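# Structure assessment
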Amino acid sequence: MNDAWSRLFPEDEANPLDGLAPEARVLAGRAAYLILAAHRGYLSEFNRITVRAKDVFDRRAWREGVANAEARVQLYRDAIDRAWTDLRDILTPTLGVDRGFWMAARRLLLERVIPDYDADLAMAFFYSMMRLAFDGANGSVEYADDGLSVRKEEWDLHPEWRVYPAGELLGWSIRQALESCGFRAEFEDVERDAGLVAKRLAAEWAAQTGQPAPRDLQMLTPVFYRDQEAYLVGKLRGSRQELPVVLALRHGVPGIAVDAVLAGREDMRNILFISTRSTFHVRTDAYREAIGFLDALAPERGHPAMCAVIGFTHPARVALNQKLRSHLRETGERFSPVPGRKGMAMIVFAPPGFPYVFKVIRDASQKAGWAGRGRIMELYRWVHEMNRGRLMLDAWMYRNLHFSPDAFDPRTLNELVQHAPNSVRIEDGTVVLKDVYAQRRVRPMNTFFDETRDAALRERAIDAMGVFIKDLAAMGFFFGDCYGLPFNIGLTHGFNVALFDFDDLGPLVRYNFRRSPEPAGDDDDPLWNSETDGAWAPVGENDVLVDEWERYLGVPHDLAGCFRRRHGDLFTPEFWARMQDRIRAGELHYVRPYPADRKLPASRSSCSA
C-alpha cells in the first residue's frame, strides 16, 4: 500500500487540495464520497446478480438466467448515470470541468480505497465519472486505474484453486472436483462422468504433450456460469508441461452431467474465452488471482479479454487502451485501413499487427435506409448488452481518445476527418477520437473466399455460414442487407462465423419472406434483379424474396451446390415461417457452444436443454 501511495503521490509533488478554495475542498470530499458509494453499490449489485447463476443452473431457470445476464451488463452504465445526476446537483458547471477539482477528489478517494483489494475497480469507476463530466467539453480523460490492478501487495485471501492427484487417481480427483461444486440438484451419474472425463483427459495429455502421465490436476474453485452451462476450469500439470482443461456441465432432465471436455490452449482461445458470447458469471472476491489463472490458460486472448469474460468490461477497456498504446510505442505501427470492403456506415482502421480493429461512424452515407449515427450507436449498445449466442462480436466504446497525428497513416486520418467529423477532429495538433469502437479482428468472409483455394476449407466455411444464418434466425434476428452478408460477417480462429456490423440487424418477425412474383410476360429477363432493376410486382421494404436471395447472397459459384444441399431450406418461405412461429411462441434457442467432437459419449443421448 505504501509503495502504491508513494508512486501516485511523490513527496515533492503538491497536494491538489491546496489549490482549492475551502468551499471547493468540501465539495471535492462530497464528490469522492458520492462516487465511492455509487461504486460500492454497483459492485454489490453486480455480485448479487452473479451469485444467482448457481441457483439458475440448479433450477434450470434459463429465462431467468437470460434476464439476469442482461440486467448485469447494464448495471455499470446505470450506476454511472445515477451518480452523475446526483453529482450535478452539488457541482457548479465550472467546477464540474475543473481538472484541479477532480484531481483533489481523486486524492481523497484514493485515501479511502488504496488499502482495499478492489481499489483498481474503484478508480476505473472514478475515471468513468470524470469522463462523463468532461464529455460535453470533449475533454480527454484517460482510461486508467492508476496502476492499481498490478499491485504486488498481499491480501489475506483463500487460494482460488485446489490441487488434486492425477495419474491413476485422476478419475477420483475428477469426482471430487465435481462434487465440490455444491449443486443442490443431483448428478445424473457422477461416477460414469468422472471415468469418461479421466479417460478423455489422459488421451488429450498424451496427444498434446507427449509426456508421461501428469503429476496433478489444478482446478479453480469458482464455477463459471454462462447461458445454460456451468464450467469447471483448470489445468493438468506435469514436471515440464501444463495442459488447460475445462469441463462443461449441462443440467438436463435426468440431472447434471459433464457434457463436454475442452483441452489445450486452442480450445481455450477458440471455444471458451471468446467475445461473441455473453460474459461468465463467476462469484469470487479474488478476481485478480482468477484472471491471472485465465491469462495463463489462453495468453493469446490477452489480459483485456480475460477481464471481460468475467464481466469486468470497463476494466477490460482500460487494459486494452494500455495494450494499444504500448503496441504503437513498441512497434512503430500506425493506424491504417484494414482488409475488406470499405464500410458504408463505418470507417475501420487498426495497427496492422494489433488483434483489435477500431471503428467510427460516418456522418453521412448513401446506404439505403441510413438512419444516422445515433441509430447505429443504439444498435451497438443493444448488441453489447444482449446474449450474442456466439454469433456477434462484442464492441467496446471509447470516448475522447487522444493520439498524435503520427499514429495515423495519412490516408486514414484524411478519411476520418473528412467523413466522420462528428467523431474525429484535430485539435491543437492532437487527433481526438470522440466516439470510437474497439472490436476483435476477424477475417471477412468475402476475403476468405477470395484468398482461399483449399476445397475442404471452403466447404467448411460455407457450411458455417449457413449454420450462422439459421442460429441467428432461431435467436430471433435477421440481417436486412442480406445481399451483402459475406461483407459483414467474418471467420473467427475457431472457424465460427460472427457478425461484426450491426446497422442492418433487426428482429426476424419484422420481415416478410416470400417467393418472387411471377414475371409479367414470357419475354422478361429471367435474371431480373429487383435490387437494381425494380420490381414487376409490389415488393415491400421488409420483403425478402428467398429465391432471388439464393442467387445474390454471395455464395461462390463452386460452393452453390454444397450450400444448397446443406442449407437449401433457407430459400423457402416455409423455413422462415417456422422460425417466426417459434419466436412468437417465446421459444429459447440454444446455440451449441462447442464442436460435437468435444462432447462425451454419454452426453449425446442423456443431456437435453
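Here, every reference points to the structure presented above.
First things first, this report covers the structure right here in the doc. Every value quoted in this text rests on a predicted model; they were computed, and no experiment measured them.

### Notes on helix α16 (residues 455-474)
- The end-to-end C-alpha separation of α16 is 29 Å, in line with the 28 Å expected for 20 residues at 1.5 Å each.
- Where α16 begins, one side-chain oxygen reaches toward the backbone nitrogen of A456, 3.0 Å away; that side chain belongs to D454.
- Count one or two residues on from α16 and you reach G476, which has phi positive near 100 degrees.

### Overview of the sheet that holds strand β15 (residues 489-491)
- Pairing is antiparallel in the open sheet, where three strands are placed in the order β13-β15-β16. Each edge of the sheet is formed by a strand with only one pairing partner; in this case those strands are β13 (443-444) and β16 (497-499).
- Strand direction decides the pairing type here: β15 and β16, joined by three bridges, are antiparallel. Looking across to β16, one finds that L491 is bridged to V497.
- In this fold α16 packs onto β15 and β16, with an angle of close to 50 degrees to the strand it touches most, β16.

### Comments concerning helix α6 (residues 119-135)
- Over its 17 residues, α6 runs 24 Å from end to end, which matches the ideal 24 Å to within 8%, given 1.5 Å per residue.
- Burial within α6 is extensive, with 16 of its 17 residues counted as buried.

### Points about the nonpolar core
- Ranked by internal contacts, the top residues of the largest apolar core, which has 111 residues, are L87, W102, L294, F349 and F408.
- Element by element, the count of residues in this core is highest for helix α2 (residues 22-59), at 13 residues.
- Contacts of L294, omitting those with residues within four sequence positions, involve L220, F224, V233, F273, M306, V309 and I310.

### Looking at the packing of aromatic side chains
- Under the definition given, this model contains 45 aromatic pairs.
- For the pair F349 and F408, a centre-to-centre distance of 6.3 Å together with 45 degrees between the ring planes defines the contact as tilted. Here the residue F349 occupies a position in strand β8 (residues 346-350), and F408 occupies one in the loop between β10 (395-403) and α14 (410-419), the gap between them amounting to 59 residues. For the residue pair F349 and F408, the accessibility class agrees, reading buried in each case.
- Measuring from centroid to centroid gives 5.8 Å for W549 and F571, while their planes differ by 80 degrees, and the two rings are edge-to-face. Here W549, found in helix α18 (residues 546-552), pairs with F571, found in the loop between α19 (560-567) and α20 (573-584); they are 22 residues apart in sequence, far enough to count as distant. We note that W549, like F571, is buried.

### With respect to the environment of A498
- For A498, the location among the structural elements is in strand β16.
- Taking relative accessible area as the criterion, A498 reaches 0% and is therefore assigned buried.
- Residues A498 and V442 lie 56 residues apart in sequence; the distance between their C-alpha atoms is 8.3 Å.
- With near-sequence residues (within four places) excluded, A498 lies in contact with T276, L391, L393, F468, N488, I489, G490 and T492.

### Section: the side chain of R107
- Relative to the helices and strands, R107 resides in helix α5 (residues 99-113).
- Residues contacting R107, with those up to four places away along its chain left out, are W5, F9, N15, P16 and L17.

### Examining the pairing of strand β12 (residues 430-440)
- In terms of residue burial, β12 counts as a mostly covered element, since 10 of its 11 residues are buried.
- Examined bridge by bridge, strand β9 (residues 356-361) and β12 share four bridges and lie antiparallel to one another. Across the sheet, V357 pairs through a bridge with Q439, a residue of β12.
- Pairing of β10 with β12 involves eight bridges; the strand directions are antiparallel. Residue pairing for β12: A395 is matched across the bridge by Q439.
- The loop that links strand β11 (residues 424-427) with its antiparallel partner β12 comprises two residues; one of these, D428, has a positive phi angle of about 55 degrees.

### What about unusual backbone geometry?
- The phi torsion at D227 lies on the positive side, around 50 degrees, for a residue other than glycine.
- Along the polypeptide, D227 turns up in the loop between β3 (224-226) and β4 (229-237).
- Classification of D227 by relative accessible area gives partly exposed; the value is 31%.

### Quick look at the pairing of strand β2 (residues 216-220)
- In terms of burial, β2 is a largely internal element, five of the five residues being buried.
- Of the strand pairs in this sheet, strand β1 (residues 161-165) and β2 are connected by five bridges, and their pairing is antiparallel. By the bridge assignment, R162 is partnered in β2 with M219.
- Direction of pairing for β2 relative to β4: antiparallel, over a ladder of four bridges. Within β4, the residue paired with L217 across the bridge is L236.

### Some remarks on the pattern of salt bridges
- Under the counting rule described, the total for this entry stands at 48 salt bridges.
- Measuring nitrogen to oxygen at the nearest pair gives 2.5 Å for the salt bridge that ties E45 to R48. A residue pair is termed a helical-turn pair when its members lie 3 or 4 positions apart in one helix, as E45 and R48 do in helix α2 at three residues.
- Classification of R48 as partly exposed rests on a relative accessible area of 43%.
- A salt bridge links R215 to D216; its shortest N-O distance comes to 3.2 Å.
- You can call R215 partly exposed: its relative accessible area is 47%.
- Owing to a relative accessible area of 8%, D216 belongs among the buried residues under this scheme.
- A cluster of three or more residues bridged by salt bridges with shared partners is formed by K54, D55, D58, R59, E64 and R184.

Criteria and thresholds
- Residues numbered from 1 in each chain as written.
- Predicted model: local features only at pLDDT ≥ 70, side-chain atom pairs only at ≥ 80, totals over all residues.
- Heavy atoms only, no water.
- Helix = DSSP H or I, 4+ residues; strand = E, 2+ residues; numbered from the N terminus.
- Expected span 1.5 Å × (residues − 1).
- Polar contact = N/O pair within 3.5 Å; in protein donor to acceptor, adjacent residues only side chain to side chain.
- Pairing = 2+ DSSP bridges.
- Contact = heavy atoms within 4.5 Å.
- Axes fitted to C-alpha atoms, helices over the stretch in contact; angles between N-to-C directions.
- Buried < 20%, exposed > 50% of the residue type's maximum accessible area, 1.4 Å probe, protein only.
- Core = buried A, V, L, I, M, F, W, Y, C linked by side-chain atoms within 4.5 Å.
- Phe/Tyr/Trp six-rings, centres within 6.5 Å; stacked < 30°, edge-to-face > 60°.
- Salt bridge = Lys/Arg side-chain N within 4 Å of Asp/Glu carboxyl O.

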